[in-house]
Amino acid sequence: MAAVQWHWGPNHPVGMALHDRMCSVYIRARKYEKALEFHNLSLDLAMVALGKNHIVTAGYLTKAGILQVQLQMTDAAIKSLNEALHIYATLSAAPTLLAEVHAYLAEAYDARGDPDAAVGHAQKARRLREKAVGQMDPRSVASCLQVATLLNKPYAGYSGVLTPAIRAAYRETISCYEKAFRYIKTHTVAHRPQQLWGVQVRVSQAGSSGAGSVQALSSAASSVGGGGGASAVLARSSSSCGGASGLQLRRVGSTLSLPVGEGWPSFAPARAQPVAGPAIAPPFAPMPPLPRNMLHRLTRQIVALKLQLLDAPRHRELLRTLRRAALARAGGSGADDGDDDDEGGGSGAGMPLPLPPAPPRDKALYREVIVKMAAVSPSIYLDGLMARIDDEDESALHELAVAIEL
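Overview of the structure. Source: prediction; values computed, not measured. (Residues numbered from 1 in each chain as written. Predicted model: local features only at pLDDT ≥ 70, side-chain atom pairs only at ≥ 80, totals over all residues. Heavy atoms only, no water.)

### Digging into the packing of helix α2 (residues 14–28) against helix α3 (residues 32–49)
Working step 1: The N-to-C vectors of α2 and α3 enclose an angle of 165°; their axes lie 8 Å apart at closest approach. Classified by the interaxial angle, the pair formed by α2 and α3 is roughly antiparallel. The handedness of the crossing between α2 and α3 is left-handed. Every residue of α3 that contacts α2 at Gly15, Met16, His19, Asp20, Met22, Cys23, Tyr26 and Ile27 is listed here: Tyr32, Lys34, Ala35, Phe38, His39, Leu41, Ser42, Leu45 and Ala46. (Axes fitted to C-alpha atoms, helices over the stretch in contact; angles between N-to-C directions. Helix = DSSP H or I, 4+ residues; strand = E, 2+ residues; numbered from the N terminus. Parallel < 35°, antiparallel > 145°, perpendicular 65-115°, else oblique. Left-handed = near helix turned anticlockwise from the far one by under 90°. Contact = heavy atoms within 4.5 Å.)

In structure tokens, the structure reads:
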């Protein structure tokens, strides 16, 4: 920094990147107070060197909001993020940049305890990303998971009456989970199959492009740290900010320069190079690597929500009976836990319901249910099961019992 100030003065944009690198180091060390201190130096330089209404300044305001959320400075975070959003909108910035600010605003409002505002910003981020990059992009998947988490958060452990608002939230949550389910299912590669209850499921192989897709998912955090994502770029035409794998000097003409990437500018005075904006480093990247059991977890959540939304009294009585049987087989008391009494479904009086026989402990049956769920989706599979049950298909009772037991 002393060398930069001696050569180019105290307000040169290179100083932004140097302070930002120190900020990233402190972020990785989880010392967020020091990280914010160095980041504010970068932000102050951006304000002086570039002005407030600049796309790089908006990127620094976005990162300031991210750090302030981490430090539980929610009001300051919301202010910083709203300022960044206003600058991006004024400059007609890329929709992906607007989407990321909305996503971080959702986190800030959630931390402040405003679920309606949090869900609203998360939904805006999801719509912007799906329109800009499609539903099968890791950023869109991240938004779907964020929307589902925020929608379901107020009703965690809820067992009362399902109002129309709660039903709408559950349906939207299922829709978001289904999109994430399809993404993970389609981007499974041969060397890392997804598992559902110990059963390896390979529904489709993406071939040579599949490996690249999974790499994009698992390395999204590092690519955002290289000037993509929330990082704003002084020259939008720069595609070189996506990142050097290591910091290596290269010779440009008769001078040495650092590769543009990971938030570094080029130090070569021989030619103009774009100055990258803030480097968003983990854990703030928008798409962290998904856990290996994500397909399993999504299946459990989708099935649980779909069973909550059963309307027909006969279906609810059947669900209650199968749950008691599953508890008995698992060594529980088998008593009715009352989870399905929330809408007065009653006992299905006037609708005689034969108790299904206990499903055989046949591994092939369990495997068949798991593979069927993965082949389409848990939601579509359960809809088909209920239709078969209405048609008096006894095998559907066995499959539903297995699904509930799992």
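Read on for the rest.
### Re helix α8 (residues 138–152)
Working step 1: An ideal rise of 1.5 Å per residue puts 21 Å on 15 residues; α8 measures up with 21 Å between its terminal C-alpha atoms.
Working step 2: Among the 15 residues that make up α8, 12 are buried, leaving the element largely enclosed by the rest of the structure.
Working step 3: Restricting attention to buried positions, one finds in α8 the residues Pro138, Ser140, Val141, Ala142, Ser143, Cys144, Leu145, Gln146, Val147, Ala148, Leu150 and Leu151. (Expected span 1.5 Å × (residues − 1). Buried < 20%, exposed > 50% of the residue type's maximum accessible area, 1.4 Å probe, protein only.)

### Points about the nonpolar core
Working step 1: Membership of the largest hydrophobic core comes to 56 residues, with the highest contact counts inside it found for Tyr88, Leu105, Leu145, Tyr177, Ile184 and Leu298.
Working step 2: Sorting the residues of this core by element identifies α3, α4 (55–70), α5 (74–90), α6 (95–112), α7 (115–133), α8, α9 (164–186) and α12 (294–308) as the ones contributing at least two each.
Working step 3: Membership of the second largest hydrophobic core comes to 23 residues, among which are Leu307, Leu310, Leu382 and Val402. (Core = buried A, V, L, I, M, F, W, Y, C linked by side-chain atoms within 4.5 Å.)

### Description of the environment of lysine 179
Working step 1: With respect to the element layout, lysine 179 can be found in helix α9.
Working step 2: With a relative accessible area of 12%, lysine 179 lands in the buried category.
Working step 3: Sequence separation between lysine 179 and glutamine 135 is 44 residues; the distance between their C-alpha atoms is 7.5 Å.
Working step 4: What lysine 179 contacts, discounting residues up to four positions off in sequence, is Arg126, Glu130, Gln135, Met136 and Cys144.

### Observations regarding α12
Working step 1: Helix length check: α12, at 15 residues, gives a terminal C-alpha distance of 21 Å against a target of 21 Å (1.5 Å per residue), a fit within 8%.
Working step 2: Counting buried residues along α12, 11 of its 15 residues qualify, which places the element largely inside the surrounding structure.
Working step 3: Among the residues making up α12, those that are buried are Met294, Leu295, His296, Leu298, Thr299, Ile302, Val303, Leu305, Lys306, Leu307 and Gln308.

### Quick word on the pattern of salt bridges
Working step 1: Enumeration according to the criterion identifies 17 salt bridges in this entry.
Working step 2: Linking glutamate 392 and arginine 314 is a salt bridge whose minimum nitrogen-to-oxygen distance equals 3.7 Å. One end of the pair, glutamate 392, is in the loop between α15 (378–390) and α16 (394–405); the other, arginine 314, is in helix α13 (residues 313–329), and 78 residues separate them in sequence.
Working step 3: Glutamate 392 sits in the exposed class, given a relative accessible area of 58%.
Working step 4: The shortest N-O distance in the salt bridge between glutamate 399 and lysine 372 comes to 3.1 Å. With glutamate 399 in helix α16 and lysine 372 in helix α14 (residues 363–375), this residue pair connects regions lying 27 residues apart in the sequence.
Working step 5: In this structure glutamate 399 comes out as buried when scored by relative accessible area, which is 3%.
Working step 6: One network of salt bridges, with partners in common, ties together Glu368, Lys372, Arg388, Asp393 and Glu399. (Salt bridge = Lys/Arg side-chain N within 4 Å of Asp/Glu carboxyl O.)

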